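Breakdown of the fold
The chain contents come next:
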Amino acid sequence: MPSLPWSDIDTVLLDMDGTLLDLHFDNHFWLEHLPQRYAELHGVSRAMAQMELQPLFERHAGQLQWYCLDFWSAELKLSVRELKLETAHLIALRPDADTFLEAIKRAGKRVVMITNAHRDSLSLKLERIELAPYFERLISSHDYGFPKENPQFWDALQADIGFDPARSLFIDDTLPILRSARNFGVAHLLAVKEPDSRKGPKDTGEFAAVEDYRDLIAGL
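A brief report on the enclosed structure follows. Since we're looking at a predicted model, the values are computed, not measured.

All right, on to the pairing of strand E1 (residues 11-14) then. In E1, alternate side chains face the same way, and those of Thr11 and Leu13 on one face and Val12 and Leu14 on the other are all buried. In this sheet, strand E2 (residues 110-115) lies alongside E1 in parallel orientation, the contact comprising four bridges. Across the sheet, residue Leu13 finds its bridge partner in E2, namely Val112.

Following this line, the structure appears as structure tokens:
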């Protein structure tokens, strides 16, 4: 991965899940724990639970409600927040993410979290991983009413924090979101090579990718 032109970057925009935190927690919850608990709570087989859940997941993927715990609690007739607490021990920082955060803050960069995570999910994670002190703002796309995939999110972010896209770095593990940021004009974009520590490297398409956060600090 080429070194970053830090002298051209004032603002660092960072995703949370899969970027700063290991995506294993979220993948395990949505793909394993939730279907199992749904089956138990509704008295159906695990296979039947999967058949009922999969079309719902596919229908809402990439939309704001996909990330909304209130939506899924109502849709599935169970408390998603309570079920997340059952697997909260899996919430973990990605290697050296805190080292990177400390370095960019010390270097005087403006650091803002932008996540599609619902506020309840964000709170749950911040209770276990001390991320808040590194950031000027912690922004959930639910605050604006549009997910990061939607161009209107970026308009709302611009109106809210007044950043210069040409002098901003954005790191995210989701390709449609990175493309949305690129279309808005964010100049410096990085994907994440291995957002889930249990699944190995992923294809990051046309984007250079973070493998080791310590490598990004060079030249700060």
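It is worth spelling out the packing of helix H1 (residues 24-42) against helix H2 (residues 46-60) at this point. Look at H1 against H2: their axes get within 9 Å of each other, and the N-to-C directions meet at 120°. Relative to H2, the element H1 is oriented oblique. Our pair here, H1 against H2, has a crossing hand that is right-handed. From H1, Trp30, Leu31, Glu32, Leu34, Pro35, Gln36, Tyr38 and Ala39 reach across to H2, where they touch Arg46, Ala49, Gln50, Glu52, Leu53 and Phe57. Classifying every residue of the contact of H1 with H2 gives nine nonpolar, two polar and three charged.

We now examine the sheet that holds E2. Read across the sheet, six strands follow the order E3-E2-E1-E4-E5-E6 without closing on themselves; strand pairing throughout is parallel. Each having just a single partner strand, strand E3 (137-140) and strand E6 (209-210) make up the two edges of the open sheet. Looking at chain direction, E1 and strand E4 (residues 168-171) are connected through four bridges and run parallel. By the bridge assignment for E4, Leu14 is matched with Ile171. In the packing of helix H5 (residues 97-106) onto the sheet, contacts are made with E1, E2 and E4, and the angle to E1 comes to roughly 155°. Lying over the sheet, helix H8 (residues 175-184) contacts E4 and strand E5 (188-192), oriented at roughly 180° with respect to E5.

Cut-offs and rules
- Residues numbered from 1 in each chain as written.
- Predicted model: local features only at pLDDT ≥ 70, side-chain atom pairs only at ≥ 80, totals over all residues.
- Heavy atoms only, no water.
- Buried < 20%, exposed > 50% of the residue type's maximum accessible area, 1.4 Å probe, protein only.
- Helix = DSSP H or I, 4+ residues; strand = E, 2+ residues; numbered from the N terminus.
- Pairing = 2+ DSSP bridges.
- Axes fitted to C-alpha atoms, helices over the stretch in contact; angles between N-to-C directions.
- Parallel < 35°, antiparallel > 145°, perpendicular 65-115°, else oblique.
- Left-handed = near helix turned anticlockwise from the far one by under 90°.
- Contact = heavy atoms within 4.5 Å.
- Nonpolar A, V, L, I, M, F, W, Y, C, P; charged D, E, K, R; others polar.

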